[in-house]
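Here are the chains, one letter per residue:
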Amino acid sequence: MINEKQKSIMSGVVFTALLITLLISFFDAQHSMEVFIDHPEWWPPFWNGLLILDGVLVFGTFAWYAISQNLVFFVFKRVVEACLVLLVIATLTFTLLRVMPGGPFDQEKTLPPEVKANIEAKYNLNAPLLEQYKDYIFGILQGDLGESYKYLGRNVSDIITETLPVSFQLGLYALIISFAIGIPLGIFAASKHNTAWDNSAMFMAVSGVSLPSFLVAPIFIIIFAFWLDILPPAFWDGPSHYILPSFILGIRPAAVIARLTRASVLEVIRSDYIRTAKAKGLPQRVVLYRHVLKNSLIPVLTFSGPLVAGILSGSFIIELIFVVPGMGKHLIQSVTNRDYPLILGLTLLFSALLVFANLIVDLLYSYFDPRIKLS
Amino acid sequence: MTMSNSAKSEALEVQYKPSRSLWEDAFIRLKKNKAAVLSAYFILFICIVAIFAENISPYPFDEQYMDKILQEPSMKHWLGTDALGRDLFSRIIYGARMSMAVAIYTSLISLAIGAIYGAVSGWVGGRVDSFMMRIVDILYSIPTMVLLILVKVIFDAVQLFDDPERKAYFGIVLALSLVGWVTLARVVRGQVLQVKQMTYVEAARALGANPFWIVVKHVMPNILGPIIVLLTFQIPSNILFESFLSFIGLGLQPPFSSWGVLASSGWQTMRSFPHLIIYPSFAIFLTMLAFNFLGDGLRDALDPQMKGR
C-alpha cells in the first residue's frame, strides 16, 4: 500500500516533469532553440531524452501504483477489453465501407475498365471480402495500416505519425486551457453562491456551451488578427499560432468544467467535515483550498473522459478553420475520397485514444479517491 | 386558486390546499425561473418563425438579385445579401425551419430508439442487458464526430430517395439519430434499473400485470422527467452537429438554407463581409442558449435535488 506522502511526492514529480516538457514543447525548443544555441546537434537527443524520461516516469508511476494496489489484473483486463472493442470497431467499419455502394475509384470521369481492374488488383480490392478482411486484420496486428489510396505511395502509419503530434498538441493545450479557466471560474461562482457574480459566471458558462466554434473563431480572428494584428489568423508554426485555436477549442469544455466544479464545490461545502473544519476556527481560505477543493475536484476528474471525446470532436472544425495540419482534415477528406485504409486507420486511432483516455481517467480516479475500488 | 373575500374561506383555503401533482409542482417551480421562461418564449417564437417561414420572410430563400450582390445590411435587405445576391434575412428564417426540423425530428427518433433499447435492456437485465450495453459501449468508444461522419457518408452512398433535397435532409436526420440514441439508451436504462426496484413496480408484478404493461404504465411515466430534460439538451447539440456537418461539407448544401449552411458559406467571405457569418452563427447561438437555459430550468424544476448541478 502507498501512503499519502509517497503519493504526493509521486504526483509532484510526474507533474513537474510533464510541466517542463509542456513548456519546452510550447516554445518549440526543438526547432527555435537551434537558432540560439550553437550546437543544434545537442538539442534533438536532449528533447528525445526528455520525452523518454517523461514516458518512463508516467508509465512507472502507473505501474507502481497498479502493482501496489493489486490493480495489475484490472489494468490487464481493461487493456484486453479495449483491444477487443477496437477489433469490433475495425470489423464494423470495414464491413460498412465495403457494403456501401460505389468504390473508391468510381470517379465522375469513368476509368477504362482495364485500368480500374489494375488499380483494384494493386490494392487487393478484387479479392473475396473475407480474404481482404483477414489481410487487413493481420496487417493491423503487425502494425501495418495499409497504403493510402489517395496519397499515392504513402502508408497510413506515415500520415498518422506526421499529423498525430499536431492534433495531440492542439488537444493538450485546449485541455489545459479548459481546466485553467473552468476550475477557477467554478470555484469563484461557488464561493459567491447566489450573488450577481455567481449568476454572471454561470451565464458565461451557459453561453460558452452554446457558442459554436465557427462563431467564436471568426470573431476572434477578426479582432486579434485583423484589427489588433497581434496573433496570426491561421496555420500552426510557432507559439503565437497555438494561442487562438487552443483557446477556442478550450472554451466549450471550460464552460462545462466550470459548471461541474461549481456544483461539486457547493455539494462539498454542505458536508459535515467542512462544518467541522469551520468549527475548528480555520480561516475561510484554508477551508476552501485545503478541504473543499481537494474533495470537489474528484467529480471534475471523472469528466475528463468525456472531455477528451469532446475535444477530439471539436478539433475537426478548429483544424479546418485554422488550417492546422492535424488528423481532422485527413479524416474528412478520406471519407469523401473513399480512402478506405485511411478512414479505417483514423477511426481506429481516434477510438483507441478515447478508450485509453477513459482507462487512464479510471486509474486517476481511484488514485485520488481511495474510496473508489476498481475491480 | 380562486380569490375569496371572506376571511373564513381564506383560512379554509390555507388549511385545505388542493393537492398538486408532481407535474404541477414542477411547472410552478419552472415558472419562477425567469431565464427558463424567457427561453421557452424564445423557442416558441423560433418555432413559429420556422413554421410560417413563407409568410414572414420578405424574399424567397433562393431568389438571386444579381444587381445586389454582397450588400451590407440596409432597409431593403435587413441583414444584407450574400455572394449570389440572396437576402440573408430570408435565408436565416428558412434556415430556422431546416435547423429546427432536423434537430427536433432527430431528437424524437433517437428518443424512440433509445427509450425502447434502454427500457428492454434495463428491464430484462442479466445477460441480455450486458450484451446490449456492450454494443452501446462500443458505439460510445468511437468519438461522436467520427461516427457521425462515417454514418453520414454511408447514407450518402445509399440511394434512399431520388430527390436530392429529400436525400440530404433524411440522410442528415437518420445519421444524427443513429448517433444520438446511444446517450438516451444509457440514461433510460439507468432510470429503468432504479425504478425497477420500487415497491409499486413490485406490487404491479405481484398483481400479475404483464411486463409490457408495467413498463409502459408504471415505469415510463416515472422516468419521464429525466428524459424530457435530456431531450431538451439533445436538441441544441443536434443543431450544433447539423451545422458542424454542413460546415465541413457533409451536411446540406446550398441553395438549401440551414444555419450551418449559411455559416459555412459565410466563412468563405469572412474577412470582407463578416456579417454573412456573424448573423447566422448568432441565430444558432441564441437558439442553443435558449434550449440550454430551458433545459437547466426543467432539470431544476423536475428534480429539485439536482438543483445547481
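Keep in mind the model is a prediction, meaning the values are calculated, not measured.

Basis of the calculations
- Residues numbered from 1 in each chain as written.
- Chains lettered and ligands numbered in written order.
- Predicted model: local features only at pLDDT ≥ 70, side-chain atom pairs only at ≥ 80, totals over all residues.
- Heavy atoms only, no water.
- Helix = DSSP H or I, 4+ residues; strand = E, 2+ residues; numbered from the N terminus.
- Buried < 20%, exposed > 50% of the residue type's maximum accessible area, 1.4 Å probe, protein only.
- Contact = heavy atoms within 4.5 Å.
- Areas by Shrake-Rupley, 256 points an atom, 1.4 Å probe, with all protein chains shown as cover.
- Salt bridge = Lys/Arg side-chain N within 4 Å of Asp/Glu carboxyl O.
- Domains from an automatic or database assignment.
- Buried area = accessible area lost by both parts, 1.4 Å probe.
- Polar contact = N/O pair within 3.5 Å; in protein donor to acceptor, adjacent residues only side chain to side chain.
- Phe/Tyr/Trp six-rings, centres within 6.5 Å; stacked < 30°, edge-to-face > 60°.
- Lys NZ or Arg CZ within 6 Å of the ring centre and 35° of its normal.
- Core = buried A, V, L, I, M, F, W, Y, C linked by side-chain atoms within 4.5 Å.
- Patch = residues over 30% accessible without salt bridge, like charges linked within 9 Å, V, L, I, M, F, W, Y side chains within 5 Å.

K.L.:
It is not clear to me how the overall build of chain B should be interpreted in this structure. Could you clarify?
P.N.:
Across its full length, chain B carries 13 helices and 0 strands. Along chain B, helices and strands appear, N-terminal first, in the series α-α-α-α-α-α-α-α-α-α-α-α-α. The buried share of chain B, reckoned over its 309 residues, is 50%. Of all intrachain contacts in chain B linking residues separated by at least 6 positions in sequence, the fraction that spans at least 24 positions is 68%. On chain B, roughly 15,600 Å² of surface is accessible, and the fraction owed to carbon and sulfur atoms is 65%.

K.L.:
Honestly, the pattern of salt bridges in this entry has me stumped. Any pointers?
P.N.:
Side-chain pairing between opposite charges can occur once the charged atoms of the two side chains come close. Taken as a whole and judged by the stated rule, the model has 9 salt bridges over all chains. Here Arg262(A) and Asp198(A) are joined by a salt bridge, their closest N and O atoms 2.8 Å apart. On the criterion of sequence distance, the pair formed by Arg262(A) in helix H10 (residues 239-269) and Asp198(A) in helix H8 (residues 196-210) is long-range, its members being 64 residues apart. Residue Arg262(A) shares its accessibility class with Asp198(A), and that shared class is buried. Where salt bridges share partners, they join Arg259(A), Asp296(B) and Arg299(B) into one cluster.

K.L.:
Which parts of the structure should I look at to understand the domain arrangement of chain A?
P.N.:
Residues and elements named next belong to chain A. On domain assignment, one finds that chain A holds domain 1 (1-68) and domain 2 (156-336 + 348-368). For domain 1 versus domain 2, the separation of C-alpha centres amounts to 22 Å. If you look at the interface, domain 1 gives 10 residues, while domain 2 gives 12 residues. Here domain 1 meets domain 2 over a buried area of about 1,000 Å², counting both sides, of which 69% is carbon and sulfur. When residues of domain 1 are sorted by the area they lose upon contact with domain 2, Phe26, Phe62 and Tyr65 head the list and together hold 53% of the total.

K.L.:
How should I be thinking about the interface of chain A and chain B in this particular structure?
P.N.:
Accessible area lost during the coming together of the parts is what is often quoted as the interface size. Tallying the contact residues gives 45 residues for chain A and 40 residues for chain B. Both faces considered, chain A and chain B share a buried interface measuring about 3,900 Å² in area, 81% of it formed by carbon and sulfur atoms. It is Ser210(A), Phe214(A) and Phe226(A) in chain A that bury the most area against chain B; as a group they hold 15% of the surface buried on that side. Inspection of the region where chain A meets chain B yields 1 salt bridge. Asp296(B) is the partner of Arg259(A) in a salt bridge, and the nearest nitrogen-oxygen pair spans 2.8 Å. Taken together, chain A and chain B are joined by 2 residue pairs in polar contact (both at pLDDT 80 or more). Residue assignment for the side of chain A that touches chain B shows that the elements contributing at least two residues are helix H4 (72-99), H8, helix H9 (213-227), H10, helix H13 (304-321), helix H14 (327-337) and helix H15 (340-368) of chain A.

K.L.:
What is the right way to look at the packing of aromatic side chains in this model?
P.N.:
Aromatic ring pairs are reported here in terms of the distance separating the ring centres and the angle at which the planes meet. This model, assessed by the stated rule, comprises 16 aromatic pairs over all chains. Here Phe214(A) and Phe244(B) contribute two aromatic rings whose centre-to-centre distance is 6.2 Å and whose plane-to-plane angle is 65 degrees, an arrangement assigned as edge-to-face. On the criterion of chain membership, the pair formed by Phe214(A) in helix H9 and Phe244(B) in helix H11 (residues 224-247) is interchain, its members lying in two chains. One Lys or Arg, Arg186(B), reaches over the ring of Tyr140(B) and ends 3.9 Å from the middle of that ring.

K.L.:
Would you mind showing me how to read H14(A) here?
P.N.:
One turn of the α-helix equals 3.6 residues, which is why residues spaced by three or four share an orientation. Those residues of H14(A) that fall on the buried side of the exposure criterion are Met327(A), Gly328(A), His330(A), Leu331(A), Ile332(A), Ser334(A) and Val335(A). Lining the buried residues of H14(A) we find helix H7 (156-191), H13 and H15 of chain A together with helix H7 (144-157) of chain B. Directly beyond the C-terminal end of H14(A), a positive phi value near 60 degrees is found at Arg338(A).

K.L.:
How should the nonpolar core be read in this particular structure?
P.N.:
The nonpolar side chains of soluble globular proteins are, as a tendency, buried together. Counting residues in hydrophobic clusters, the biggest one holds 142 residues, and the most contacted among them are Ile221(A), Ile321(A), Phe322(A), Phe350(A), Ile239(B), Ile248(B) and Trp259(B). In terms of residues, this core owes the most to one element, H7(B), which gives 11 residues. Aside from chain neighbours lying at most four places away, what touches Ile321(A) is Ser213(A), Phe214(A), Ala217(A), Ile221(A), Phe247(B) and Trp267(B).

K.L.:
What's the story with the side chain of Asn238(B) in this structure? I'm lost.
P.N.:
Residues and elements named next belong to chain B. By the secondary structure assignment, Asn238 is in helix H11. What makes Asn238 buried here is its relative accessible area of 3%. Ignoring any residue separated from it by four or fewer positions in sequence, one finds Asn238 in contact with Ala103, Thr106, Ser107 and Leu176.

K.L.:
So what exactly am I meant to see when it comes to the environment of Val173(B) here?
P.N.:
Residues and elements named next belong to chain B. With respect to the element layout, Val173 can be found in helix H8 (residues 164-196). Residue classification places Val173 among the buried positions, given a relative accessible area of 5%. The residues touching Val173, leaving out its near neighbours within four places in the chain, are Val102, Tyr105, Thr106 and Ile109.

K.L.:
What should I look at first to understand a nonpolar patch on the surface in this one?
P.N.:
All names here are of chain B. A cluster of nonpolar side chains, contributed by Tyr41, Leu44, Ile48, Ile51, Phe52 and Ile56, occupies part of the molecular surface with about 620 Å² of accessible area. At 4 residues, the largest contribution of residues to the nonpolar patch is made by helix H3 (residues 34-51). Here Tyr41 shows up in helix H3.

K.L.:
So what exactly am I meant to see when it comes to the environment of Phe27(B) here?
P.N.:
Residues and elements named next belong to chain B. By the secondary structure assignment, Phe27 is in helix H2 (residues 22-32). Look at Phe27 and you get partly exposed, because its relative accessible area is 48%. For the pair formed by Phe27 and Ala206, sequence separation is 179 residues and the distance between their alpha carbons is 34 Å.

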